[in-house]
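Here are the chains, one letter per residue:
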Amino acid sequence: MDFPEAKMELGLVKIHKSVISSIASLAAMEVEGVKKIGKNNVFGELLKGKPYRNIKVIIDKNGEIKLNIPLIIKYGFNIPEVALQVQNNVRLALQNMVNLEAKEINIDIKGIERS
Amino acid sequence: MRLFTILGIIFYTTVISLVGVIFILTAFNLLPLNLINLWSDYLHTNLQAKIVVGGIGLLLILISISFAELILGKIQREKTIAFNNPSGQVTISLSAVEDLIVRLLRSISDIKDVKPNVIATKKGIEIDLRISLRSETNIPELTMSLQDTLRNKIQEILGIEEPITIRVHVVKIISKEEKESSIKKEEPPIPFRGYGKI
């Protein structure tokens, strides 16, 4: 399955994966302590372009959504706390904006902000 | 070491040694030319031989790819520290821990340079530090306080309870003269020197 679907009275509403990753990206960036989404290298950034493209959205056969979010954390913040806040914020944002319940929101801390 | 890794190493050693032996035999003319011709003729004419040799080649490629994937996957798996939250898994890349160590140690004035290497094992986290120090510093005191503060900070920031082993290796001690000369070199040239207000 590529798109989560919702049947409305007038027809079918499909939500593209990039919409989910954009919402997740914005929600993650709202959390204090998150520097950016993606890896700590310039080459990767050039290839990937927009930050939400670094977020991997997996939708399985049952329509359950898994997100993998790579993050760079600001120096001085408690990593488990920031990760938990990101997970909660992303979950809430997906519920509010697209009525979707993410099964897993996996956080991958790729680096600490370089001075 | 796992059985599959041992088998893989034995397999590759045998295949590469065999290739090496064939090259040596060819170089010293020990492999008769007519035997090579005979073998290539046989391969070109016999369909069964072609299928068998082609199949072996394909199998070798597949084994190589799966072996490489296994090793790379194993390396990638080992390069993170992971813990679970109710919403999903959190993995911390070891390079992130290395970045953190560099940031923490840069604040200590006695340390000129630091190169950390972090390894996550079943027993806990092992950190190897290669540091360059300034000559005036008391090394035992500094390294002891460094190990303590680093251990506490990492446990606090990463929120992990596993034991952390920190090995410090002092690779260079920078003398005062060296330090002064490096400072002098760093001084930027003053533009328009000598000009004054009339």
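The structure this text deals with has already been given above.
The rules behind each value
- Residues numbered from 1 in each chain as written.
- Chains lettered and ligands numbered in written order.
- Predicted model: local features only at pLDDT ≥ 70, side-chain atom pairs only at ≥ 80, totals over all residues.
- Helix = DSSP H or I, 4+ residues; strand = E, 2+ residues; numbered from the N terminus.
- Buried ≥ 20, exposed ≤ 12 C-beta atoms within 10 Å, placed from the backbone.
- Contact = placed C-beta atoms within 7 Å.
- Expected span 1.5 Å × (residues − 1).
- Arc of directions from axis to C-beta.
- Core = buried A, V, L, I, M, F, W, Y, C linked by C-beta atoms within 7 Å.
- Pairing = 2+ DSSP bridges.
- Nonpolar A, V, L, I, M, F, W, Y, C, P; charged D, E, K, R; others polar.
- Axes fitted to C-alpha atoms, helices over the stretch in contact; angles between N-to-C directions.

(A) Seen up close, the overall build of chain B. Counting its regular elements, chain B contains six helices and five strands. If you list the helices and strands of chain B from N to C, you get α-α-α-β-β-α-β-β-α-β-α. Counting every position in chain B, which comprises 198 residues, the buried fraction comes to 12%. Within chain B, counting contacts between residues at least 6 apart in sequence, those at least 24 apart form 51% of the total.

(B) Up close: the overall build of chain A. When its secondary structure is counted, chain A shows three helices and six strands. Ordered by position from N to C terminus, the α and β elements of chain A give β-β-α-β-α-β-β-α-β. The contacts in chain A between residues at least 6 apart in sequence include a share of 69% that link residues at least 24 apart.

(C) Fine view of helix H5 (residues 139-158) of chain B. Residue and element names in this part refer to chain B. Look at H5: 27 Å from first C-alpha to last across 20 residues, which is about the 28 Å you get at 1.5 Å a residue. Considered for burial, the residues of H5 that qualify are Leu 146, Leu 150, Ile 154, Ile 157 and Leu 158. For H5, the arc enclosing every buried residue in end-on projection is 75°, short of the 170-degree limit, so these residues lie on one face. What points out from H5, more than 90 degrees from its buried face, is the exposed set Pro 140, Glu 141, Met 144, Asp 148, Asn 152 and Glu 156.

(D) A look at the nonpolar core. Residues and elements named next belong to chain A. Core analysis: the biggest nonpolar cluster contains 48 residues, and Ala 24, Ala 28, Leu 67, Ile 69, Leu 71, Val 86 and Val 90 have the highest contact counts within it. Among the elements that line this core, the one with the most residues is helix H3 (residues 79-98), at seven residues. Apart from residues no more than four positions distant in its own chain, Ile 69 is found in contact with Ala 24, Ala 28, Ile 37, Ile 55, Val 86, Ile 105, Asn 106, Ile 107 and Asp 108.

(E) Highlighting helix H1 (residues 17-30) of chain A. All names here are of chain A. Taking 1.5 Å per residue, 14 residues should reach 20 Å; H1 reaches 20 Å between its end C-alpha atoms and fits that length. Here H1 has its buried residues at Ile 20, Ser 21, Ile 23, Ala 24, Ser 25, Ala 27 and Ala 28. Buried residues along H1 sit against strand E3 (34-37), strand E4 (56-59), strand E5 (65-73) and H3.

(F) Local environment of the pairing of strand E3 (residues 111-121) of chain B. All names here are of chain B. Bridge analysis of E3 against strand E4 (residues 124-134) gives ten bridges, and the strand direction is antiparallel. Bridge assignment links Ala 120 to a residue of E4, and that residue is Ile 125. The turn joining E3 and E4, which pair antiparallel and follow one another in sequence, is formed by two residues.

(G) Quick look at the interface of chain A and chain B. Every contact between the two is made by 20 residues of chain A and, on the other side, 16 residues of chain B. When residues of the side of chain A that touches chain B are traced back to their parent elements, those giving at least two are H3 and strand E6 (102-112) of chain A. Ranked by the residues each element gives to the side of chain A that touches chain B, the list is headed by E6(A), at nine residues. Considering only residue class, the side of chain A that touches chain B consists of nine nonpolar, six polar and five charged. In this structure, E6(A) lies alongside strand E2 (residues 88-93) of chain B, joined through three bridges in parallel fashion. Residue pairing for E2(B): Ile107(A) is matched across the bridge by Val90(B).

(H) Focus on the sheet that holds E3(B). Residues and elements named next belong to chain B. The strand order across the open sheet built from three strands is E3-E4-E5, with neighbouring strands paired in mixed fashion. Edge positions in the sheet fall to E3 and strand E5 (164-174), since each of these pairs with one other strand and no more. If you compare each strand with its neighbour and ignore which way they point, the axes differ by 15° on average. Sheet strands touched by helix H4 (residues 94-106): E3 and E4. Its angle to E3, the strand with the most contacts, is close to 150°.

(I) Summary view of the environment of Arg167(B). Residue and element names in this part refer to chain B. By secondary structure assignment, the location of Arg 167 is in strand E5. Residues Arg 167 and Thr 143 lie 24 residues apart in sequence; the distance between their C-alpha atoms is 9.3 Å. What Arg 167 contacts, discounting residues up to four positions off in sequence, is Ile 127, Asp 128 and Leu 129.

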